[in-house]
Amino acid sequence: MAGVLVSTTINGDAVDFACPQDETLLDSLRDRVGLTGVKEGCGTGDCGACSITLDGRLVCSCLVLGVEANGREITTIEGMADGNKLHPLQKNFIEHAALQCGICTPGFLVAAKALLDRNSNPTEEEIRYALAGNLCRCTGYDKIVRAVQASAKEMRRKR
Amino acid sequence: MPQVKLTGKFRAAADDADTLEIEARTIRELMTRLVERYPLMDQHLDAGIAVAIDGEIYRDNWSVEIPPDAEVFLIPRIQGG
Amino acid sequence: MGHDTSYTDQEFKVVGTRVNRPDGIDKVTGRARYGADAYAPGQLVGLFLRSPHAHARIKKIDTSRAEKLKGVKAVVTSADLPDLTDGNRGLLDILENCMARDRALYDGHAVAAVAAIDRQTAKRALKLIKVTYQVLPHVTDVDEAMKPDAPIVQEYVATDGLPSNVSQVNQFGHGDVDKGFAEADVIVEKSYKTEQTHQGYIEPHACLASVSPDGSGELWVTTQGHFGFRINCAQLLGMDMAKLKVTASEIGGGFGGKTHVWVEPVALALSRKANRPVKVVMDRDEVFKATGPTCSTSVDIKIGAKKDGTITAASAVLRYQNGAFPAIWGMLGAMTSFACYDLKNVKSVGYDVLCNRPKVAAYRAPSAPMAAFGVESTMDLVAEKIGMNPVDFRIKNAAKEGTLASYGPTYGPIGIGPTLEAVKNHPHMRARLGKNQGRGMACGFWFNFGGQTCTDLNIGLDGSVTLTVGTVDVGGSRASLCLIAAEELGIPYEQVKANVADTASLGHNDMTEGSRGTFSSGMATIFAARDAIEVMRSRAADMWEIPLDDVIWEDGQAKAVGKKHGNLPTLSLKEIAAKSPNTGGPIAGHNEVVADNAGVSFASHICDVEVDPETGATKVIRYTVVQDAGKAIHPDYVEGQFQGGAAQGIGWALNEEYIYGDDGRLQNAGFLDYRIPVCSDLPFIDTKILEIPNPTHPYGVRGVGETSIVPPLAAIGNAVSNAVGVRMDHIPMSPPRILKALEEQNS
């Protein structure tokens with residue numbers, strides 16, 4: 001493989017990897033760095049299971065090339081908890097049974113965190129539209145929205 | 001004696017009969033008697049048969065007893081998703 | 001192993017509470033490992049070459065250039081997969097679907113596969129494989145496929161001695177429908193069509209296969225049933241089952257689509273040829289084209305009733321498209337059509353029809369939703385004609401205990417009446433409707449199955465309990481199983497940990513389908529726990545040196561009963577476990593059961609929609625599910641099944657369909673154009689769990705997972721029809737179809 005060296009920061013840690021120029025960041029994260037929490041559901045940016053943030057912006061990692069991550073900051077689901085303390089979203093997803101098979105859960109958590117980081121008091125409609133880029137086939141989204149609402153409330157109280 | 005009703009391709013294997021009277025105390029006995037009478041049923045047994053006895057569908061347990069006047073249905077082994 | 005499985009109507013301490021699931025933390029942190037999350041040293045990437053033709057004879061496959069490409073370690077075609085099925089047509093069909101033999105039978109049918117050191121090399125290798133096709137005429141529509149001049153899909157399928165695409169016809173019912181229709185005051189006769197949909201699980205099929213030269217192998221795979229996969233893979237590859245260890249990964253959705261092997265036998269064949277592990281991960285395009293969607297259908301329904309609302313006769317003719325391989329989907333449609341009703345004269349005829357489309361697999365209560373769409377839409381039409389409220393009309397004709405079901409057997413205690421009464425009295429029915437809004441309701445039925453189950457329960461030295469089951473956890477069943485074990489043993493829920501074992505560690509377990517996971521493994525857990533309790537009673541008796549009969553188990557403790565032993569302090573599970581090395585060794589319980597009598601399940605749904613008359617777009621504004629669960633072990637996850645099934649039904653009713661071109665190729669094999677519901681499409685989905693105990697389960701549990709997908713097509717069909725004033729008869733009711741229906745009405 002004629003690879004390109006990529007230097008990034010992932011979840012606060014300096015990480016280097018090499019990848020071919022046409023490889024997606026999704027594949028680089030999973031196969032080169034070993035962070036399999038990010039999932040491929042479609043490969044075309046339609047399902048959101050591969051959601052990460054890139055320099056603070058929510059993106060589908062299947063629509064970003066591995067080489068584009070050079071010099072940039074990435075956060076994935078693996079960086080969401082603070083040590084062994086779960087983020088309120090993670091805790092509430094469990095408590096509100098907002099996951100069944102769980103494959104879409106990492107993507108939803110990253111997307112929901114991106115929402116709450118910019119809007120601490122979203123309406124139900126705002127939550128639904130912010131998460132419209134993440135597909136779930138098991139839950140019908142009901143308990144997911146409730147978990148996000150509960151998390152927003154909890155996070156506002158802590159401020 | 002249990003009344004045994006057949007559906008679809010089972011009927012073809014049983015000379016087009018849709019109801020049979022077969023003396024049997026368990027599902028296993030029923031199957032044995034059925035194949036004795038209609039050897040063509042053997043291929044359907046391999047593919048899987050479900051048995052409904054008075055309302056309950058049994059897919060695998062051939063030791064289940066058949067009450068003397070039960071209504072028994074034979075259908076291909078159905079499954080869900 | 002005769003255990004009494006009768007309902008015991010007991011009070012529960014932990015069953016029924018909403019605890020956190022044990023696999024929750026792994027799933028919210030990304031630690032949980034699914035099908036594509038396994039890696040082996042030296043692993044190769046496996047990719048498939050697929051037919052671009054809907055129907056073609058494969059005249060020649062030249063793999064020589066691909067084999068010579070540097071980095072390619074194996075190339076496989078049907079030549080590497082000899083027919084070892086010994087005349088078993090069903091098994092040969094499975095093999096042929098995994099890899100085409102002399103013909104490609106649908107767009108996307110696998111014709112070859114390669115294993116190479118990386119994805120780029122594998123892709124280049126696929127391009128170097130030269131396939132010589134002779135394109136043949138194809139047929140993709142179910143009604144076209146039944147015409148006498150239709151292209152024949154499978155040469156071994158015949159009707160009355162002549163080659164045809166109708167693989168089976170099955171009839172169910174009783175009474176005399178002609179006589180019944182003659183007695184009716186009102187008859188409605190209508191035809192309906194539903195298009196093909198896919199289960200749409202977010203996780204594509206994936207596996208890691210590793211076969212050694214001595215014929216042993218390992219398979220890590222996302223599946224609804226690893227034991228079933230082991231059987232099929234071993235049979236198709238000529239391996240000993242005991243030598244093939246299959247481990248189920250966490251599963252990212254299945255809904256029936258992961259009850260069949262698709263890529264796994266070929267992955268194993270590649271690994272065997274290359275002598276290296278081979279990882280195969282399907283891409284989304286392949287999932288749509290080459291796994292198992294559900295049937296498209298065409299049905300004719302006729303219902304006759306008296307003015308007082310009594311149905312005098314009902315008949316259905318149903319044509320279900322099976323894809324390229326015969327199965328029994330039409331038969332299931334015929335069985336479920338009128339299952340909700342108490343009918344004197346009823347007849348359902350189901351046709352199973354082949355087409356040049358992918359092999360159909362089960363989709364959550366397979367075949368029932370389509371039949372229910374036709375029947376429940378017609379029920380509304382009849383109710384309207386006689387001027388009766390649609391709920392009351394259904395209540396009047398609802399099946400009950402003692403009803404002779406339309407598919408044959410007689411019902412025990414069932415929940416259709418109670419769900420309809422609950423719907424009638426639900427506040428949703430009284431909510432006001434606005435402009436362009438309509439309300440619809442519908443009911444549905446599904447069987448629920450039991451099956452072969454095997455469970456181990458081991459008590460550790462510290463009293464913590466390991467529950468080992470073989471049913472794959474698709475939606476949170478490990479929480480329910482731990483609740484059941486905790487309930488039986490009398491210990492806290494947190495003291496129990498459930499694992500799904502691989503095929504080497506446990507006896508056979510059937511697939512997680514047919515809503516059987518919690519029901520079957522739950523039953524086996526109850527009896528494994530009781531087994532362990534017997535052991536602990538005996539250990540306590542030994543420790544106290546008193547007769548076994550004087551020891552009871554209560555609240556997680558052994559207690560000595562009787563005047564003689566009144567002063568003996570109780571022995572907790574922890575204390576007995578700690579002493580187990582000296583009282584006889586490890587304490588374990590085990591159970592094998594072929595669980596049966598999972599109970600039939602009924603649901604009634606209410607739906608409000610708003611249809612934009614300019615665009616034809618429909619928004620679901622309110623949705624309520626009422627379903628009988630027998631006993632909800634973990635109410636959150638029962639609600640989750642209700643909501644998930646409803647959401648799938650909503651997508652199916654309004655937007656999802658396979659679109660085929662005239663060339664027989666699938667045009668929308670991705671999530672952009674195969675549009676499943678997103679978060680902003682849906683409202684909160686209200687649920688009401690009824691608990692009418694199943695008399696043949698100790699806790700009264702019924703299967704719950706599937707029934708919720710049965711009513712939505714019709715509930716939404718009725719709601720949309722009421723909103724726009726035109727009867728909708730073609731699913732999905734996408735905007736173009738609604739606009740067309742409005743246009744036709746106005747002209």
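Summarised in this report is the structure supplied together with it. (Residues numbered from 1 in each chain as written. Chains lettered and ligands numbered in written order. Predicted model: local features only at pLDDT ≥ 70, side-chain atom pairs only at ≥ 80, totals over all residues. Heavy atoms only, no water.)

Glancing now at the overall build of chain B. Of the regular secondary structure elements, chain B holds 3 helices and 5 strands. Reading the secondary structure of chain B in the N-to-C direction produces β-α-β-α-α-β-β-β. By its C-alpha atoms, chain B is 35 × 25 × 20 Å across when sized along the principal axes. For chain B, buried positions account for 54% of its 81 residues. For chain B, the share of sequence-separated contacts (at least 6 apart) that also reach a separation of at least 24 residues comes to 48%. With the model as given, the accessible surface of chain B reaches about 3800 Å², and the carbon-plus-sulfur share is 44%. Computed over 9 positive and 15 negative side-chain charges, the inter-centroid distance for chain B is 4 Å. (Helix = DSSP H or I, 4+ residues; strand = E, 2+ residues; numbered from the N terminus. Buried < 20%, exposed > 50% of the residue type's maximum accessible area, 1.4 Å probe, protein only. Contact = heavy atoms within 4.5 Å. Areas by Shrake-Rupley, 256 points an atom, 1.4 Å probe, with all protein chains shown as cover. Lys, Arg positive; Asp, Glu negative; His and termini not counted. Charge placed at Lys NZ, Arg CZ, Asp CG, Glu CD.)

On to the sheet that holds strand S4 (residues 103-104) of chain C. All names here are of chain C. Strand order in the open sheet made by the 3 strands is S4-S2-S6, with antiparallel pairing throughout. What marks the edges here is a single partner per strand, and that holds for S4 and strand S6 (130-135). Relative to S6, strand S2 (residues 56-62) is paired through 6 bridges, and the arrangement is antiparallel. When the bridges of S6 are listed, Arg57 appears paired with Gln134. (Pairing = 2+ DSSP bridges.)

Time to look at the interface of chain C and chain B. Contacts between the two partners involve 36 residues from chain C, matched on the other side by 22 residues from chain B. Here chain C meets chain B over a buried area of about 2100 Å², counting both sides, of which 58% is carbon and sulfur. Together, Phe449(C), Asp596(C) and Asn597(C) form the three largest contributors to the area buried by chain C at its contact with chain B, with a combined 22%. Taken together, the connections running from chain C to chain B amount to 2 salt bridges. Taking the shortest distance from any N to any O, the salt bridge between Arg59(B) and Glu513(C) comes out at 3.0 Å. Across the chain C-chain B interface, the total number found is 4 residue pairs in polar contact (both at pLDDT 80 or more). (Buried area = accessible area lost by both parts, 1.4 Å probe. Salt bridge = Lys/Arg side-chain N within 4 Å of Asp/Glu carboxyl O. Polar contact = N/O pair within 3.5 Å; in protein donor to acceptor, adjacent residues only side chain to side chain.)

By contact count, the leading pair among the 2 pairs of chains in contact is chains A and C. Contact between chain A and chain B is absent, and the least distance between their C-alpha atoms amounts to 13 Å.

By size, the foremost hydrophobic cluster in this structure holds 209 residues, and its most contacted members are Phe93(A) and Tyr407(C). No other element matches helix H11 (residues 368-386) of chain C, which puts 11 residues into this core. Core analysis: the second largest hydrophobic core is formed by 49 residues, Ala479(C), Trp544(C), Val551(C) and Tyr699(C) among them. (Core = buried A, V, L, I, M, F, W, Y, C linked by side-chain atoms within 4.5 Å.)

Quick look at the packing of helix H2 (residues 88-95) of chain A against helix H5 (residues 142-158) of chain A now. All names here are of chain A. Where H2 contacts H5, the two axes come as close as 9 Å, and the packing angle between them is 140°. Taken together, the axis directions place H2 and H5 in an arrangement best described as oblique. With respect to the hand of their crossing, H2 and H5 are arranged in right-handed fashion. Residues Pro88, Leu89, Lys91, Asn92 and Phe93 of H2 form the contact with H5, whose participating residues are Ile144, Ala147, Val148, Ala150, Ser151, Glu154, Met155 and Lys158. Residue composition of the contact of H2 with H5, grouped by class: 8 nonpolar, 2 polar and 3 charged. (Axes fitted to C-alpha atoms, helices over the stretch in contact; angles between N-to-C directions. Parallel < 35°, antiparallel > 145°, perpendicular 65-115°, else oblique. Left-handed = near helix turned anticlockwise from the far one by under 90°. Nonpolar A, V, L, I, M, F, W, Y, C, P; charged D, E, K, R; others polar.)

All right, on to the interface of chain A and chain C then. Across the boundary between the two partners, chain A contributes 46 residues, which contact 52 residues of chain C. Taking both partners together, chain A and chain C bury about 4100 Å²; carbon and sulfur atoms supply 57% of that area. Our enumeration of links across chain A and chain C arrives at 4 salt bridges. Among the salt bridges present, the one from Arg137(A) reaches Glu656(C), with a minimum N-O distance of 2.8 Å.

Here the focus is the side chain of Glu513(C). Positionally, Glu513(C) belongs in the loop between strand S21 (496-500) and helix H15 (517-544). When neighbours within four sequence positions are excluded, Glu513(C) is seen to be in contact with Arg59(B), Gln79(B), Gly80(B), Gly81(B), Gln224(C), Thr259(C) and Phe449(C).

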